Amino acid sequence: MASIIGVRFKTAGKIYYFDPVGFNPEKGECVVVETARGVEIGEVVFPRRDIEEQEILKPLKTVLRIADSDDLKIREDNKKKEKEAFNICLEKIKKHGLDMKLVDVEYTFDTSKILFYFTADGRIDFRELVKDLANVFKTRIELRQIGVRDESKTVGSVGICGRPICCAQFLGEFEPVSINMAKKQGLSLNPTKISGVCGRLMCCLKYEQNCYDELLKVTPRKGAVVQTPDGVGTVEYVNILKGMLKIKLELEKETVFHDYHTSEVKLLKNGTAENDSEKFDEEFLKTLE
């Protein structure tokens, strides 16, 4: 077993494991730790606990100390410097005529490096920009190109649900989301209805997918032929979450529609997996994933 604590460096950022050595910080306390990019300060997400050795990547970085008032002041000073560096970098980007969008700036805790995060449609030759920034700040400069999902997570926004977007609030890491999830959930395949502010498929499609996968195992699809208490019929509409089916029956030369629960019918022949949403170009939809 190995003793670890969980530390996060950004709101809704990824949780990293560190060796607490002789320290026992509580949840919510800040600690100064050694990381791959230098000394950093982060917030303890969960206190000391023991986990299996195979669950961690070695070598495990260590906690240097529990942050004191001086450390917290340095962090606040760095945040002010980041705002100034952001504006300076915007001017330099304009000066060099680069087709890139600056998203965020980070100072490492010990100010040994400044990281500039940007988005762009393709590859950018920013070598001259790096030299220019290094002359201004007199420290190591690193430019990192990020994707549209990372941009939304960094900047934050409000989703179509009216709430702050999930990635900026609590999602530590992005999970794969596919157009097949929208199909299984019977959602409209209209890109404007299933895409987030980043232009990619909404992360919340993943939340209930396991539930839908289980329900689809016992729920007849649209077009399925089923045996009902009133005779053999065809499934016209499926409410997966309620487990309700609208069945078309041919009774005495008359077509009628009845609602049945899935427990009341027996599957004779299954239908197609397609839902009755609007149809859009499959290749275009895949670009949203």
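In case you missed it, the structure is sitting above this.
Let me sum up the structure you'll find in this document. Predicted, not measured: the structure shown is a model, and the values here were computed from it.

**Some points on the sheet that holds strand β7 (residues 113–119)**
Inference 1: Taken together, the three strands give an open sheet; going across it, the order is β6-β7-β8, and neighbouring strands pair in mixed fashion. Across the chains shown, the open sheet's two edge strands, defined by having one partner strand only, are β6 (101–107) and β8 (140–145). Strand-to-strand, the axes of this sheet are offset by a mean angle of 20 degrees, without reference to chain direction.
Inference 2: Bridge analysis of β7 against β8 gives six bridges, and the strand direction is parallel. Bridge pairing in β8 places Phe 118 opposite Gln 145.

**What to know about the environment of Gly 156**
Inference 1: For Gly 156, the location among the structural elements is in the loop between α3 (148–155) and α4 (166–169).
Inference 2: Along the primary structure Gly 156 and Tyr 207 are separated by 51 residues, whereas in three dimensions their C-alpha atoms are 20 Å apart.
Inference 3: If we ignore the near neighbours within four places in the chain, the residues touching Gly 156 are Glu 151, Ile 165 and Ala 168.

**Description of unusual backbone geometry**
Only a minority of non-glycine residues have a phi that is not negative, and only a minority of peptide bonds are not trans.
Inference 1: Of note in this structure, Val 21 is not a glycine but carries a positive phi near 45 degrees.
Inference 2: Residue placement: Val 21 occurs in the loop between β2 (15–18) and β3 (30–35).
Inference 3: Positive phi, normally seen in glycine, also occurs at Lys 138, with a value near 55 degrees.
Inference 4: The topology assignment puts Lys 138 in the loop between α2 (127–137) and β8.

**Concerning the nonpolar core**
Inference 1: If you look at the biggest cluster of nonpolar residues, it comprises 17 residues, and the most contacted ones within it are Met 100, Phe 116, Leu 133, Phe 137 and Leu 143.
Inference 2: Residue assignment for this core shows that the elements contributing at least two residues are α1 (69–96), β6, β7, α2 and β8.
Inference 3: Membership of the second largest hydrophobic core comes to ten residues, among which are Val 177, Ile 179, Leu 189 and Leu 288.

**Digging into the environment of Phe 86**
Inference 1: Counting through the fold element by element, Phe 86 comes out in helix α1.
Inference 2: Judged by relative accessible area, Phe 86 falls into the partly exposed class, the value being 23%.
Inference 3: A C-alpha to C-alpha distance of 58 Å links Phe 86 and Asn 270, two positions 184 residues apart in sequence.

**A short note on the packing of α1 against α2**
Axis angle and axis distance: for two packed helices, these are the angle between their axes and the distance between the axes, and together they describe the pair.
Inference 1: The N-to-C vectors of α1 and α2 enclose an angle of 140 degrees; their axes lie 10 Å apart at closest approach. As summarised for this structure, α1 and α2 are arranged oblique, according to the angle between their axes. As α1 runs across α2, the sense of the crossing is right-handed. Residue-level contacts link Ala 85, Ile 88, Cys 89, Lys 92, Ile 93, Lys 95 and His 96 of α1 to Glu 128, Leu 129, Asp 132, Leu 133, Val 136 and Phe 137 of α2.
Inference 2: A breakdown of the residues in the contact of α1 with α2 according to their chemical character gives eight nonpolar, one polar and four charged.

**Describing the pattern of salt bridges**
Inference 1: Evaluated as defined, the whole model comprises 16 salt bridges.
Inference 2: Arg 65 is paired through a salt bridge with Asp 71; the nearest N and O atoms lie 2.9 Å apart.
Inference 3: Judged by relative accessible area, Arg 65 falls into the partly exposed class, the value being 33%.
Inference 4: Judged by relative accessible area, Asp 71 falls into the buried class, the value being 4%.
Inference 5: Residues Glu 142 and Lys 113 are paired through a salt bridge, measuring 3.2 Å at the closest nitrogen-oxygen approach.

**Brief notes about the side chain of Gln 209**
Inference 1: In this fold, Gln 209 is placed in helix α7 (residues 209–216).
Inference 2: The class of Gln 209 is buried, set by a relative accessible area of 6%.
Inference 3: If we ignore the near neighbours within four places in the chain, the residues touching Gln 209 are Met 181, Lys 184 and Gln 185.

**Examining the pairing of β6**
Inference 1: A large share of β6 lies buried, amounting to five of its seven residues.
Inference 2: With six bridges joining them, β6 and β7 adopt antiparallel strand pairing. Residue Asp 104 lies in a different strand from β7, and its bridge partner there is Tyr 117.
Inference 3: Turn length for the β6-β7 hairpin, with the two strands adjacent in sequence and antiparallel, is five residues, and the turn residue Thr 111 shows positive phi of about 55 degrees.

**A short note on the packing of aromatic side chains**
Inference 1: All told, the structure shown has five aromatic pairs when counted by the stated rule.
Inference 2: Geometrically, the ring pair formed by Tyr 17 and Phe 46 is edge-to-face, given 6.0 Å between the ring centres and 70 degrees between the ring planes. Separated by 29 residues along the polypeptide, Tyr 17 in strand β2 and Phe 46 in strand β4 (residues 38–51) bring together distant segments of the chain.
Inference 3: With relative accessibility at 34%, the residue Tyr 17 sits in the partly exposed group.
Inference 4: Between Phe 116 and Phe 137 the ring centres are 6.2 Å apart and the planes differ by 45 degrees, which places this aromatic pair in the tilted class. With Phe 116 in strand β7 and Phe 137 in helix α2, this pair connects stretches of sequence that are 21 residues apart.
Inference 5: Here Arg 49 stacks its cationic end above the ring of Phe 46, 3.9 Å away from the centre of that ring.
Inference 6: A cation sits over an aromatic face here: Lys 81 above Tyr 107, 5.9 Å from the ring centre.

Rules used in this analysis
Residue numbers here run from 1 along each chain, matching the order of that chain's written sequence. Predicted model: local features are reported for residues with pLDDT of at least 70 only, side-chain atom pairs are reported and counted for 80 or more only, and whole-chain, interface and lining totals are derived from all residues. Here the side-chain values reflect all heavy atoms present in the structure, with hydrogen atoms and water set aside. Here a strand pair is declared whenever DSSP counts at least two bridges between the two strands. Secondary structure is summarised from DSSP: a helix means a run of H or I of at least four residues, a strand means a run of E of at least two, and numbering begins at the N terminus for each. Only C-alpha atoms enter the line fits that serve as axes; for helices the fit covers just the stretch in contact. Angles between N-to-C directions range over 0 to 180 degrees. Should any heavy atoms of two residues lie within 4.5 Å, those residues are counted as being in contact. Residues grouped as a nonpolar core are buried Ala, Val, Leu, Ile, Met, Phe, Trp, Tyr and Cys residues, joined through side-chain atoms within 4.5 Å. For each residue, the accessible area found with a 1.4 Å probe, counting protein chains only, is set against the maximum for its type, and the residue is called buried under 20%, exposed over 50%, and partly exposed in between. An angle below 35 degrees is read as roughly parallel, one above 145 as roughly antiparallel, one from 65 to 115 as roughly perpendicular, and any other as oblique. The sense of a crossing depends on the near helix, which, turned anticlockwise from the far helix by less than a right angle, makes the crossing left-handed and, turned clockwise, makes it right-handed. For this classification, the nonpolar set comprises Ala, Val, Leu, Ile, Met, Phe, Trp, Tyr, Cys and Pro, the charged set comprises Asp, Glu, Lys and Arg, and every other residue, Gly included, is treated as polar. Salt bridges are defined as contacts in which a side-chain nitrogen from Lys or Arg sits within 4 Å of a carboxyl oxygen from Asp or Glu. When the centres of two rings from Phe, Tyr and Trp lie within 6.5 Å, Trp using its six-membered ring, the rings pair. Their planes under 30 degrees apart give stacked, over 60 give edge-to-face, and anything left gives tilted. The rule for a charge over a ring is simple: NZ of Lys or CZ of Arg within 6 Å of the ring centre, and within 35 degrees of the ring normal.

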